[in-house]
Amino acid sequence: MAKKPDLDFDVIIIGAGITGMYTLYRLREMGYSVHAFEKNADVGGTWTMNRYPGCKLDSESYTYPYSFLPDLLQEWDWKTEFATQPELNEFFSKAADRMDVRKDVTFNTQVMKSVFNDEENSWTVELDNAEVFKSRFLLTAVGALSHPNMPKYPGMDLFRGETYHTYYWPHERNGFGGQKVDFAGKRVGVIGTGATGVQVIQEVAKTAGELFVFQRHPNWCAPLCDKPIEPERMAQIKANYPDIFAKCEATNSGFQHDFMFETAEGTTAEEREALFEELYNQSGYAIWVGHYADMFTDPKVNGYISDFIARKIRERVKDPKVAEKLIPKDHGFGLKRVPMETKYYEAYNQPNVHLVDILEDPIQRMTPHGIETEHTKYDLDMIIYATGFDAIIGGIKQMDIRGIGGKTMKESWASGPFTYLGLQIPEFPNLFTLIGAHNGATFCNIPRCSEAQVNWVTDLFQYMKEHAVERIEATEVAAEEWTQHVYDVANQTLLTTATNSWFWGEFGEGAKRGHKLLVYNGGNPAYRAKVEEVKAKGYEGFTMRAPAMAE
Ligand code: NA7
């Protein structure tokens, strides 16, 4: 019989972004006492941070909101096909009002340590202000891209100009000051050319005196083709939300786009060209996930689309040397996250925009005046770091999480993520990692898969409530099988040929150090089918303990 703990809450949630807020709301509706701790000053995660100019969605706006707030959906008019950060921030802030979640969130507070108490089936959670709380269950909803990467170049703190990381862009709400950042006439350096770098570069290029883009590896980018949503179309969208969400649910990536054909086998070059051309001029990810499914498995088919996009870059960038530098040579199209762009390539035709290839001429140090590469000194007024995130596991790594016998997450994941369904880790009972590593909801149009995930997990909590479950833990065997499945699925694709991407992380020591996949790329329907099967089989792969329940 477990010792009866003195609990502050039934459930503690770490993080009040899109996933955390909904989880809190749903569990509270079920009668759980639940509280969230959030490191930022408000709800919204990604969309309350990342206030850099040009920040917007690559998912169609109307595929992105919560589906379970029908009144808000009917009141809300999306301005453009791809909503901007301020619009999204406002939407999720309003959603928080409707769910009335803020009253159950402590803001500006980081969880530093969480320890499982084996004898009483509870978690002790320590905060950065030294407060301590105890709960039966602990849920992490820390976001996949919420722990920014800052490079470690010598002399970074010597630079006398303005310095920004795109994630921590100045704004009052989160205590980063509120001044508007002005690029007009300034010499600006941007480091990083991922989805964020691309958005910020095309914006800064409009007004900067000189813009120097420090590129390590280029990415394959494709046109976003954004446009305003007229009132008539918005009315149609409002009338069709259930169909829109149902369509996204049925696709592999949770977007409304899905493969038209299983294979390009038997197609002619002319047919492929016509299809690619049509999709290149269509908005959103049709060009990525809307044609031949075997572009992800067959190098020849991947070559067709890569050649097409390379030709587009050569057509759009006037200087052939610059164009070549902007064409990825180390991976095929779509095998890393495809940044969507609006006149990104044309920016390099402007006389004020310069591409610096830092593989060819590496950055040596920052100086009080700018950036020094091996061969050149760049005098700058501003450096913008668009250097990405410690993706997916960054939030978990920052906390000292200890399971049975004090086992740390670092020990458990020494050679890569080890989970059951990306949701639970053996020897870490009563802990759930929402939108975590090896989780089907992470490689997806996040709100769509996040909602499905929260529904599934909270259904499990309903079951546990009904059966008075005090302890739930994934079995070692179930986690081994799931982890193997994650790699088996990935090994059937070309994803393994593009490991320099935030889909992957580095694990292990010395000679054993290597890239391990962080996502599950089996697709949204396959993941949902798997978790539904687990549920239908009485939550197979989990052991549960309740005073009145045989294990
Ligand atoms: P990404 O996609 O991880 O891109 C980070 C970029 O920063 C990428 O071009 C990196 O080059 C570059 N980088 C990282 N560290 C360095 C150092 N030390 N020196 C030079 N360049 C560096 O992050 P994003 O923020 O753009 O996008 C992340 C996701 O957020 C995005 O997919 C959206 O879903 C939202 P590399 O390729 O590693 O050579």
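Let me sum up the structure you'll find in this document. (Residues numbered from 1 in each chain as written. Predicted model: local features only at pLDDT ≥ 70, side-chain atom pairs only at ≥ 80, totals over all residues. Heavy atoms only, no water.)

## A word on the overall build of the protein chain
Point 1. Within the protein chain, the secondary structure is distributed over 15 helices and 22 strands.
Point 2. Taking 2.2 N^0.38 as the reference for a compact globule, 551 residues should give roughly 24 Å; the C-alpha atoms of the protein chain span a radius of gyration of 24 Å, in line with that estimate.
Point 3. In terms of its C-alpha atoms, the protein chain occupies a principal-axis envelope of roughly 75 × 60 × 55 Å.
Point 4. Counted over contacts in the protein chain with a minimum sequence separation of 6, partners at least 24 positions apart contribute 71%.
Point 5. Looking at the protein chain as shown, the accessible area adds up to about 22,600 Å², and 50% of this sits on carbon and sulfur atoms.
Point 6. Here the protein chain holds 57 positive side-chain charges and 77 negative ones, and the gap between their average locations is 3 Å. (Helix = DSSP H or I, 4+ residues; strand = E, 2+ residues; numbered from the N terminus. Rg over C-alpha atoms; globule rule 2.2 N^0.38 Å. Contact = heavy atoms within 4.5 Å. Areas by Shrake-Rupley, 256 points an atom, 1.4 Å probe, with all protein chains shown as cover. Lys, Arg positive; Asp, Glu negative; His and termini not counted. Charge placed at Lys NZ, Arg CZ, Asp CG, Glu CD.)

## Quick notes on the state of the cysteines
Point 1. Under the criterion given, the structure shown has one disulfide.
Point 2. Of all cysteine sulfurs, the one in Cys 221 lies closest to Cys 55, which takes part in no disulfide; the gap is 16 Å.
Point 3. With no disulfide of its own, Cys 225 lies closest to Cys 221 among cysteine sulfurs, the gap being 13 Å. (Disulfide = S-S within 2.5 Å.)

## A look at the sheet that holds strand 9 (residues 210-215)
Point 1. Spatial ordering of the open sheet is given by 7-16-8-9-12, a layout of five strands whose pairing is parallel. Whereas interior strands pair on both sides, the edge strands pair on one side only; in this sheet they are strand 7 (162-165) and strand 12 (353-357). Going across the sheet, the axis of each strand differs from the next one's by a mean of 15°, ignoring polarity.
Point 2. Relative to strand 16 (residues 382-385), strand 7 runs parallel, the two sharing four bridges. Among the inter-strand pairings, Tyr 164 is bridged to a residue of strand 16, identified as Ile 384. (Pairing = 2+ DSSP bridges. Axes fitted to C-alpha atoms, helices over the stretch in contact; angles between N-to-C directions.)

## What about the site of the ligand?
Point 1. Around the ligand lies a shell of 19 residues, among which Tyr 153, Thr 193, Thr 196, Arg 216 and His 217 are the nearest.
Point 2. Taking Tyr 153, its side chain carries an N or O atom lying 2.7 Å from a nitrogen atom of the ligand.
Point 3. Ala 386 is positioned such that a nitrogen or oxygen atom in its backbone is 3.3 Å from an oxygen atom of the ligand.
Point 4. Classifying every residue of the shell around the ligand by side-chain character gives nine nonpolar, eight polar and two charged. (Near = heavy atom within 4 Å. Polar contact = N/O pair within 3.5 Å; in protein donor to acceptor, adjacent residues only side chain to side chain. Nonpolar A, V, L, I, M, F, W, Y, C, P; charged D, E, K, R; others polar.)

## Concerning the nonpolar core
Taken as a class, soluble globular proteins show a tendency for nonpolar side chains to be buried jointly.
Point 1. Ranked by size, the top nonpolar core spans 168 residues in total, and within it Trp 78, Leu 211, Tyr 348, Leu 421, Trp 456 and Phe 461 carry the most contacts.
Point 2. If we ignore the near neighbours within four places in the chain, the residues touching Tyr 348 are Ile 201, Val 213, Val 317, Val 322, Leu 326, Val 353 and Leu 355.
Point 3. By size, the runner-up hydrophobic cluster in this structure holds 13 residues, among which are Phe 159, Phe 212, Met 366 and Tyr 385. (Core = buried A, V, L, I, M, F, W, Y, C linked by side-chain atoms within 4.5 Å. Buried < 20%, exposed > 50% of the residue type's maximum accessible area, 1.4 Å probe, protein only.)

## Digging into the pairing of strand 14 (residues 370-373)
Point 1. As judged from the four bridges shared by strand 13 (residues 363-367) and strand 14, these two strands associate in the antiparallel manner. Counted as the bridge partner of Met 366 is Ile 371 from strand 14.
Point 2. Between strand 13 and strand 14, which pair antiparallel in sequence order, lie two residues.
Point 3. Across three bridges, the pairing between strand 14 and strand 15 (residues 377-379) is antiparallel. In the strand pairing of strand 15, Gly 370 is matched with Asp 379.
Point 4. What sits between strand 14 and strand 15 in their antiparallel hairpin is a turn of three residues.

## So, the environment of Thr 373
Point 1. Residue placement: Thr 373 occurs in strand 14.
Point 2. On the basis of relative accessibility, which here comes to 3%, the residue Thr 373 falls in the buried class.
Point 3. Here the alpha-carbon distance between Thr 373 and Ser 135, two residues 238 residues apart in the chain, equals 51 Å.
Point 4. When near neighbours in sequence (up to four residues on either side) are disregarded, Thr 373 contacts Phe 214, Asp 361, Pro 362, Ile 363, Gln 364 and Tyr 378.
Point 5. A distance of 2.8 Å separates a polar atom in the side chain of Thr 373 from a polar atom in the side chain of Asp 361.

## Quick notes on the environment of Ser 146
Point 1. With respect to the helices and strands, Ser 146 occurs in the loop between strand 6 (132-140) and strand 7.
Point 2. Between the alpha carbons of Ser 146 and Lys 113 there is a distance of 18 Å; along the sequence they are 33 residues apart.

## A few points about the pattern of salt bridges
Point 1. Considering all chains together, one arrives at 33 salt bridges under this definition.
Point 2. Measuring nitrogen to oxygen at the nearest pair gives 3.8 Å for the salt bridge that ties Arg 136 to Glu 470. Here Arg 136 is found in strand 6, whereas its partner Glu 470 is found in the loop between helix 13 (446-466) and strand 19 (471-474), with 334 residues between them in sequence.
Point 3. Given a relative accessible area of 22%, Glu 470 falls into the partly exposed group.
Point 4. Across the salt bridge formed by Glu 162 and Lys 186, the nearest N and O atoms sit 2.9 Å from each other. In this pair, Glu 162 sits in strand 7 while Lys 186 sits in the loop between strand 7 and strand 8 (187-191), placing the two residues 24 residues apart along the sequence. (Salt bridge = Lys/Arg side-chain N within 4 Å of Asp/Glu carboxyl O.)

## Observations concerning the pairing of strand 12
Point 1. The buried fraction of strand 12 amounts to four of the five residues, a majority that puts the element mostly inside the structure.
Point 2. Strand direction decides the pairing type here: strand 9 and strand 12, joined by five bridges, are parallel. Bridge pairing links Leu 211 to Val 353 in strand 12.

## Section: the sheet that holds strand 14
Point 1. Taken in spatial order, the three strands make up an open sheet running 13-14-15, and their pairing is antiparallel. Every interior strand has two partners, whereas the edge strands, strand 13 and strand 15, have only one. Recorded for the sheet is a direction-independent mean angle of 20° between the axes of neighbouring strands.

## Details of the environment of Ala 286
Point 1. Among the structural elements, Ala 286 can be located in helix 7 (residues 286-289).
Point 2. If near-sequence neighbours (up to four positions away) are discounted, Ala 286 is found in contact with His 257, Leu 279 and His 291.

## Remarks on helix 4 (residues 195-204)
Think of an α-helix as turning once every 3.6 residues; residues three or four places apart then point the same way.
Point 1. Buried residues dominate helix 4, accounting for eight of its 10 residues.
Point 2. Those residues of helix 4 lying buried are Thr 196, Gly 197, Val 198, Gln 199, Val 200, Ile 201, Gln 202 and Val 204.

## What about the side chain of Arg 471?
Point 1. Locating Arg 471 in the fold gives a position in strand 19.
Point 2. On the accessibility criterion, Arg 471 (5% relative accessible area) is buried.
Point 3. Of note is the side chain of Arg 471, whose polar atom sits 2.9 Å from the side chain of Asn 121.
Point 4. Not counting residues within four places of it along the chain, the set of residues in contact with Arg 471 comprises Phe 116, Asp 118, Asn 121, Ile 404, Pro 429, Asn 430, Thr 543, Met 544 and Arg 545.

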